[in-house]
Amino acid sequence: MTTLVAPAPPTAPTAALAPGGGLRRRLALRFLALLALYLLWEATARIMRNPTFIPPPSAVWDQLITTSTTHDGVRGYSGHLLVEHLGVSLRRIVIGSAIGIIGGLILGVLMGTIGWLRVVTEPVVTFIRALPPLAYFSLFIIWFGIDETPKLWLLSIAALPPVAVATAAAVHGAPTGLVEAARALGAGRWQTTRDVVLPHALPEIFTGIRLAVGVAYSSVVAAETINGVPGIGGMIRDAQRYSQTDVVVLGLFAIGLSGLLIDSVLLTAENKLIPWRGRA
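Analysis parameters
The residue count restarts for each chain, going from 1 along the sequence in the order it is written. Side-chain atom pairs in this predicted model are given and counted only at pLDDT of 80 or more, local residue features only at pLDDT of at least 70, and totals for whole chains, interfaces and linings cover all residues. Remark: hydrogens and water are excluded; side-chain values derive from all non-hydrogen atoms of the structure. Here a strand is any run of E in DSSP of at least two residues, a helix any run of H or I of at least four, and the numbering for each starts at the N terminus. The buried label applies to any residue whose accessible area, calculated with a 1.4 Å probe on protein chains only, is under 20% of its type's maximum; exposed applies above 50%, and partly exposed to all values in between. Between two residues, a contact is recorded if the distance between any of their heavy atoms is within 4.5 Å. Shrake-Rupley sampling with a 1.4 Å probe provides the accessible areas, and residues are treated as covered by the protein chains on show and by no other component. UniProt positions are given in the numbering used here, feature names are shortened, and annotations may be inferred rather than shown by experiment. Axis lines are fitted to C-alpha atoms, over the contacting stretch for helices. Their N-to-C directions set the angle, which ranges from 0 to 180 degrees. Crossing handedness is read from the near helix: turned anticlockwise from the far helix by less than a right angle, it gives a left-handed crossing, and turned clockwise, a right-handed one. Residues were grouped as follows: Ala, Val, Leu, Ile, Met, Phe, Trp, Tyr, Cys and Pro as nonpolar; Asp, Glu, Lys and Arg as charged; and all remaining residues, including Gly, as polar.

Bringing the overall build of the protein into the picture now. Helices and strands together make up the secondary structure of the protein, namely 10 helices and 2 strands. Listed by position from the N terminus, the elements making up the protein come as α-α-β-β-α-α-α-α-α-α-α-α. Burial analysis of the protein (280 residues in total) assigns 35% to the buried set. Within the protein, residue pairs in contact and separated by at least 24 positions form 68% of the contacts whose partners lie at least 6 positions apart. In the form shown here, the protein has an accessible surface area of approximately 16,900 Å², with 70% of it arising from carbon and sulfur atoms.

Structural data, given as structure tokens:
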């Protein structure tokens, strides 16, 4: 006897609507969070009534317009538009981060594959990672002067340890079974590292790269402490000297928003280049 089972009701439309509904919910929650922060900022500024301590959002908006245009013969802030300040800082961050990331990748792979080198260099990398940027920036100024070189050195050194630590840990933690299988099939040390170890380590390496770019962003103000104009960090430092809190807040917003944009680009690249992340 054959038993007939009634087909289950279709569920595809519901599943198809779920991602869109989740996205709309996340966007709504983020909008509400931003609105709540804005209202809190506005209320705090009105209660304090001290724009030097907490400038109102309108003052920061006015500075955005002022620093982005030429008015009465005055061009932006300190003779440069806001986009020019941000562009110079982004160039420094990109170059410094790239140097630090490349150095961190090379050092991390060596640390992860050569045992004695890991023992020797790991304390040094940890020591550098624990130092605040200003601690060695003064040394770079003595060595290289006050032009671009010490700024790029600072950002490079700041970006190197996160990548080196993440890469070394990921390479060292590669599955022993996969490595031994590759060796048994005749792969050399470099082939095993390239074809087995590095693909397995890529997710953690990308995490280290994102952390490195974040560290470089947080160090840009320190990097532009000396002779940093044009530059968003130099603009912030200059405004701080004259108690222009609204300009300082504007600079912080410029750094933060551009940092969010670059992090989203890195996250998108990570999802495209490492589709196997999170899969068994």
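Here the focus is the UniProt feature "transmembrane region" (unreviewed entry) in the protein. Those residues carrying the UniProt feature "transmembrane region" (unreviewed entry) are residues 27-48, 93-117, 124-146, 152-171 and 247-269 in this numbering. End C-alpha atoms of residues 93-117 are separated by 29 Å, and the span's content is 96% helix alongside 0% strand.

Time to look at the packing of helix H5 (residues 133-144) against helix H6 (residues 148-172). Look at H5 against H6: their axes get within 9 Å of each other, and the N-to-C directions meet at 145 degrees. Considering the relative orientation of H5 and H6, their crossing is right-handed. In this structure, H5 uses Pro133, Tyr136, Phe137, Phe140, Ile141 and Phe144 to contact H6, whose residues at the interface are Thr149, Pro150, Lys151, Trp153, Leu154, Ile157 and Ala158. Partitioning the contact of H5 with H6 into residue classes produces 11 nonpolar, 1 polar and 1 charged.

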